[in-house]
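Spelled out, the chains give:
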Amino acid sequence: MGEADFGIDPAMLERLAGEVAELAAAGVGIGMVIGGGNIFRGAGLAGGGMDRVTGDHMGMLATVMNSLAMGDALRRAGADARVLSALGMEQVCEPYTRYRAVEHLERGRVVIMAAGTGNPFFTTDSAASLRAVEIGADLLVKATKVDGVYTDDPVRNPEARRYNRLTFDQALDERLGVMDATAMVLCRDHGLSLRVMNIYQPGALSRLLAGEEIGTLVTSGENQ
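Residues numbered from 1 in each chain as written. Predicted model: local features only at pLDDT ≥ 70, side-chain atom pairs only at ≥ 80, totals over all residues. Heavy atoms only, no water.

## Description of the overall build of the protein chain
Per the secondary structure count, the protein chain includes eight helices and ten strands. The C-alpha radius of gyration of the protein chain comes to 17 Å, within 12% of the 17 Å expected for a compact globule of 224 residues. Considering only C-alpha atoms, the protein chain reaches an extent of 50 × 50 × 35 Å along its principal axes. Relative to its full complement of 224 residues, the protein chain shows a buried share of 43%. Partitioning the contacts of the protein chain with sequence separation of at least 6, the portion at a separation of at least 24 is 67%. Accessible area for the protein chain stands at about 11700 Å²; split by element, carbon and sulfur atoms hold 50% of it. (Helix = DSSP H or I, 4+ residues; strand = E, 2+ residues; numbered from the N terminus. Rg over C-alpha atoms; globule rule 2.2 N^0.38 Å. Buried < 20%, exposed > 50% of the residue type's maximum accessible area, 1.4 Å probe, protein only. Contact = heavy atoms within 4.5 Å. Areas by Shrake-Rupley, 256 points an atom, 1.4 Å probe, with all protein chains shown as cover.)

## Looking at unusual backbone geometry
Phi angles above zero are rare outside glycine, and Ala115 is one such case at about 70°. Residue position: Ala115 is located in the loop between strand E4 (110-114) and helix H5 (124-134). Ala115 gets classed as buried once you look at its relative accessible area, which sits at 0%. A positive phi angle is found at Phe121, which is not glycine, with a value near 75°. Checked against the element boundaries, Phe121 lands in the loop between E4 and H5.

## With respect to the pattern of salt bridges
Across all of its chains, the model carries 17 salt bridges by this definition. Between Arg82 and Asp80 there is a salt bridge, and its shortest N-O distance comes to 2.5 Å. Accessibility expressed as a relative area gives 23% for Arg82, which makes it partly exposed. With a relative accessible area of 34%, Asp80 lands in the partly exposed category. Ionic pairing is found between Glu134 and Arg131, a salt bridge with its closest N-O pair at 2.9 Å. Note that Glu134 and Arg131 are positioned in helix H5 at a spacing of three residues, about one turn of the helix. Salt bridges here are not isolated pairs; linked through shared partners, they connect Asp80, Arg82, Glu94, Arg100 and Arg109. (Salt bridge = Lys/Arg side-chain N within 4 Å of Asp/Glu carboxyl O.)

## Some thoughts on the sheet that holds strand E10 (residues 216-219)
The four strands lie next to each other as E5-E9-E10-E8, forming an open sheet whose pairing is mixed. If you trace the sheet from one side to the other, it starts and ends with strand E5 (140-144) and strand E8 (165-167), each paired once. Adjacent strand axes in the sheet meet at a mean angle of 20°, parallel and antiparallel pairs treated alike. Direction of pairing for strand E9 (residues 194-198) relative to E10: antiparallel, over a ladder of three bridges. (Pairing = 2+ DSSP bridges. Axes fitted to C-alpha atoms, helices over the stretch in contact; angles between N-to-C directions.)

## Structural notes on helix H3 (residues 52-76)
For H3, built from 25 residues, the straight-helix expectation of 36 Å at 1.5 Å per residue is met to within 8% by its first-to-last C-alpha distance of 36 Å. Regarding H3, its N-cap is Asp51, as a side-chain oxygen of that residue lies 3.3 Å from the backbone nitrogen of Val53 further along. Looking one or two residues past H3, Gly78 carries a phi angle of roughly 100°, positive in sign. (Expected span 1.5 Å × (residues − 1). Polar contact = N/O pair within 3.5 Å; in protein donor to acceptor, adjacent residues only side chain to side chain.)

## Focus: the environment of Met50
Locating Met50 in the fold gives a position in the loop between helix H2 (42-47) and H3. A C-alpha to C-alpha distance of 38 Å links Met50 and Asp138, two positions 88 residues apart in sequence. For Met50, the residues in contact, after removing those within four places along its chain, are Phe40, Leu45, Gly55 and Met58.

## What about the packing of helix H1 (residues 10-25) against H3?
The geometry of H1 relative to H3 is characterised by a closest axis approach of 8 Å and an angle of 60° between their N-to-C directions. Compared by their axis directions, H1 and H3 come out oblique. The two elements H1 and H3 meet at a crossing, and its hand is right-handed. Across from Leu13, Leu16, Ala17, Val20 and Ala21 in H1, the residues of H3 making contact are Ala69, Met70, Ala73, Leu74 and Arg76. Class assignment of the residues belonging to the contact of H1 with H3 gives a composition of nine nonpolar, no polar and one charged. (Parallel < 35°, antiparallel > 145°, perpendicular 65-115°, else oblique. Left-handed = near helix turned anticlockwise from the far one by under 90°. Nonpolar A, V, L, I, M, F, W, Y, C, P; charged D, E, K, R; others polar.)

## As for the sheet that holds strand E1 (residues 31-32)
A sheet is described by the order of its strands in space; here four strands give the open sequence E1-E4-E2-E3, paired in parallel fashion. Strands at the two margins of the open sheet, each flanked by one partner only, are E1 and strand E3 (94-95). Summarising the sheet, E1 and E4 pair through two bridges and their orientation is parallel. Opposite Gly31, over in E4, you have Val111 as the bridge partner.

The quantities given are spatial measurements derived from coordinates; they are silent on function.
So, in structure tokens, the structure goes:
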């Protein structure tokens, strides 16, 4: 959404695609899971009376639209990208299977995994955690609008303190809202570390993957 109020900001899309394409060209294997809240939020309309399953399916379709846009932008930036959907729509993109995703990654392609888990009641966070575990990712990066995890909402509370590192158990116990509980437990139980960072900072993703300590690192244990 970038700086826009709704939909897709072409400038934001182009910048992100350019950064990801540069990393892919450098040999970094990248899988992406993109939400759909800039277009539609199923949980929000469910609160207004819409059937939750219908709303979630509409939200999944919104993620496919965003994923198709990112795939196109990546190809224009010189990257080889594939969109895989958990919902069957072969005329639009490939169906998601773990083996297909891994094969594309091994061929140096950026894999965009759309339509969440393919099931209602699961968030984009849960989908990202699940896909990261399935493809054997080394790190899950949550690219968001804040530069890490805070003790409180930094917008409302100027005294809020940012964590450099913490554990999933700590995040769950303190209800820090890093991701939903299902996503955090999945990461914790499979030893998958999470990095929360601000994607609105140009170049931050490249600096992170170059080894710079950016945002907040969440791990399964103190020694990781």
